[in-house]
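Chain by chain, the residues:
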Amino acid sequence: MDWSHYRFRTVWILRAPPTTVFAVLERAEDYPDWWPQVREVDPIDDSSGLVRIRAALPYDLTFTAREVVRDRTAGVLEIEMSGDLDGWARWTVGAHGTGTRVRYDQVVDVSKPLLRRLAVPGRPVFRANHRLMMRAGRRGLTAYLEAV
C-alpha cells in the first residue's frame, strides 16, 4: 500500500437550488471568500490556477489546479492537481428534494516531502485534517449561499 495515496468522498446536502450551488462552485477564485482553509486561488489562465490550502495542521499545500470538466447539464466540475498534491478532484451537483446534493470525490498522492516521510504515523491525522476541512467548507458554503 502507498501510504501517501488518498481517496476521499464527501457528501453535502444544501438548501439552495443546484444551479445556484454549481454557479458558486465553478468560481474557484472565490473559494477563499467562503472556505477558510482555501487561503489563495490565483488564476494562471482561463482553465488553471495556483491554489494554497491550510487546514488545522500547521502546513500549507500548494498545487496547480487545471480544469478538465465543466458540465453544467451533468452538474460536474473536475480538476487535475499537480504540486504538493497530484491527482484529481470532482464536484458532482444534483437535485435533492427542494435543495442540492453535492458529492466531492478526490484521489491524490501527496508529494510534499515532509508529509511523505510522515505518511504511516500521520495518516489518521491527515485524514482527520481533511474531514475538518470539508466540514468547514460545508459550513462556509451554507452561510455564503444564505447570504446571496
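These numbers were taken from a predicted model, which means no experiment stands behind them. (Residues numbered from 1 in each chain as written. Predicted model: local features only at pLDDT ≥ 70, side-chain atom pairs only at ≥ 80, totals over all residues. Heavy atoms only, no water.)

Caption draft 1: Highlighting the overall build of the chain. Within the chain one finds 4 helices and 7 strands. The order of helices and strands in the chain, counted from the N terminus, is β-α-α-β-β-β-β-β-β-α-α. Computed over its C-alpha atoms, the radius of gyration of the chain comes to 15 Å, within 12% of the 15 Å expected for a compact globule of 148 residues. In terms of its C-alpha atoms, the chain occupies a principal-axis envelope of roughly 45 × 30 × 25 Å. Looking at the chain as a whole, 42% of its 148 residues are labelled buried. As displayed, the chain has an accessible area near 8100 Å², and 53% of this comes from carbon and sulfur atoms. Distance between charge centroids for the chain: 10 Å, based on 22 positive and 19 negative side chains. (Helix = DSSP H or I, 4+ residues; strand = E, 2+ residues; numbered from the N terminus. Rg over C-alpha atoms; globule rule 2.2 N^0.38 Å. Buried < 20%, exposed > 50% of the residue type's maximum accessible area, 1.4 Å probe, protein only. Areas by Shrake-Rupley, 256 points an atom, 1.4 Å probe, with all protein chains shown as cover. Lys, Arg positive; Asp, Glu negative; His and termini not counted. Charge placed at Lys NZ, Arg CZ, Asp CG, Glu CD.)

Caption draft 2: Main features of the side chain of Gln106. Secondary-structure assignment places Gln106 in strand S7 (residues 99-110). For Gln106, a relative accessible area of 6% puts it in the buried group. A polar contact is formed between the side chain of Gln106 and the side chain of His130, at a distance of 3.3 Å. Residues contacting Gln106, with those up to four places away along its chain left out, are Tyr6, Arg7, Phe8, Met81, Leu85, Trp88, Ala89 and His130. (Polar contact = N/O pair within 3.5 Å; in protein donor to acceptor, adjacent residues only side chain to side chain. Contact = heavy atoms within 4.5 Å.)

Caption draft 3: Fine view of the packing of aromatic side chains. Under the definition given, this model contains 9 aromatic pairs. Taken together, a centroid distance of 5.3 Å and an interplanar angle of 25° make the contact between Trp34 and Trp35 stacked. Here a set of aromatic residues connected by ring pairs shows up, and it is made of Trp12, Tyr31, Trp34, Trp35, Trp91 and Tyr104. Its end group placed over the ring of Tyr6, Arg123 keeps NZ or CZ at 4.3 Å from the ring centre. (Phe/Tyr/Trp six-rings, centres within 6.5 Å; stacked < 30°, edge-to-face > 60°. Lys NZ or Arg CZ within 6 Å of the ring centre and 35° of its normal.)

Caption draft 4: Molecular detail of the environment of Arg123. Tracing the backbone shows Arg123 in helix H4 (residues 119-147). Note on Arg123: relative accessible area 11%, which makes it buried. Note: C-alpha distance between Arg123 and Trp3 (120 residues apart in sequence) is 7.2 Å. Apart from the residues within four sequence positions on either side, Arg123 is in contact with Met1, Asp2, Trp3, Ser4, His5, Tyr6 and Leu118. Of the polar contacts made by the side chain of Arg123, one reaches the backbone oxygen of Trp3; its length is 2.8 Å.

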